[in-house]
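Listed here are the chains, written in short residue letters.
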Amino acid sequence: MPNTYSQAVGVVKGTFIPEKDLVITHDGTQYPASCVPGVRRFYERKPEEAAKARYLVCWPRTSETGTQIHLCVTDAPADPARQASLKREAGRFRVSGVVTNQRSRLNKVVVRVVRSFAVPKPCRKWSQFSNHLLFLSGRASPAAGFANKHATFVCDLEGQALRIRSIEDSQEPEVSV
């Protein structure tokens, strides 16, 4: 069985405004945002070049109720070749983790995304290294077939929801002692 890994990453077409901690997409939707320190330095040191970045690589986070999306910007490339390669992925997120449960009345799938590698000791309290739950809109059926199993979802960012587009893989998580 191949090793399972967790991830939650996607591409957003829009503009990151670090002063307001905000991402504004091309259709005008606003998302609260944060960024990794390297991206913040890039925006502070080279604001003219950073203004050219139209496609942002982000980690999604959802609120505890699953009604609000928060984005953490991890890369804002200004290189035209990199921008062209990200254009194909715009609006698409890949979420890979363990399905903890499904909330049928809310039409949500809850996925736990954990770190795939050990976190260095000084970084353990940083929020970007903590385990988190993602609330995805849609269903994974049959529900019993996905409960407590590792699955990979391809999602579209629509408004304030990550809507499930397809499920690529589902397998028992590998436990190592």
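Notes on the structure in this doc start here. Just so we're clear, the structure is a prediction, and the values are computed from it rather than from any experiment.

## Observations regarding the packing of aromatic side chains
Moving on, step 1. Per the stated rule, a full pass over the model turns up 2 aromatic pairs.
Moving on, step 2. On the basis of an interplanar angle of 85 degrees and a centroid distance of 5.3 Å, the ring pair of Phe16 and Tyr43 is categorised as edge-to-face. Pair noted here: Phe16 is in strand S1 (residues 7-17) and Tyr43 is in helix H1 (residues 37-45), with a separation of 27 residues, a long-range link.
Moving on, step 3. Taking the centre distance of 5.9 Å and the plane angle of 80 degrees together, the rings of Phe42 and Tyr43 count as edge-to-face.
Moving on, step 4. We classify Phe42 as partly exposed; its relative accessible area is 21%.
Moving on, step 5. Tyr43 sits in the buried class, given a relative accessible area of 12%.
Moving on, step 6. The rings of Phe16, Phe42 and Tyr43 are connected pair by pair, giving a single aromatic cluster.

## Here we look at the pattern of salt bridges
Moving on, step 1. Scanning the model with the defined rule gives 6 salt bridges in all.
Moving on, step 2. A salt bridge links Arg82 to Asp75, with the nearest nitrogen and oxygen atoms 3.3 Å apart.
Moving on, step 3. By relative accessible area, which is 34% here, Arg82 ends up partly exposed.
Moving on, step 4. Residues Asp156 and Arg92 are paired through a salt bridge, measuring 3.5 Å at the closest nitrogen-oxygen approach. Here Asp156, found in strand S9 (residues 150-158), pairs with Arg92, found in strand S6 (residues 92-103); they are 64 residues apart in sequence, far enough to count as distant.
Moving on, step 5. The exposure class of Asp156 is buried, given its relative accessible area of 16%.
Moving on, step 6. Sharing partners across several salt bridges, the network here consists of Arg92, Asp156 and Arg165.

## Brief notes about the nonpolar core
Moving on, step 1. In terms of nonpolar packing, the biggest core is built from 35 residues, with Leu136 and Phe153 touching the most fellow members.
Moving on, step 2. Those residues in contact with Phe153 that lie beyond four places of it in its chain are Phe93, Arg94, Val95, Val99, Val109, Val111, Leu136, Ala140, Ile164, Ser166 and Ile167.

Parameters and conventions
- Residues numbered from 1 in each chain as written.
- Predicted model: local features only at pLDDT ≥ 70, side-chain atom pairs only at ≥ 80, totals over all residues.
- Heavy atoms only, no water.
- Phe/Tyr/Trp six-rings, centres within 6.5 Å; stacked < 30°, edge-to-face > 60°.
- Helix = DSSP H or I, 4+ residues; strand = E, 2+ residues; numbered from the N terminus.
- Buried < 20%, exposed > 50% of the residue type's maximum accessible area, 1.4 Å probe, protein only.
- Salt bridge = Lys/Arg side-chain N within 4 Å of Asp/Glu carboxyl O.
- Core = buried A, V, L, I, M, F, W, Y, C linked by side-chain atoms within 4.5 Å.
- Contact = heavy atoms within 4.5 Å.

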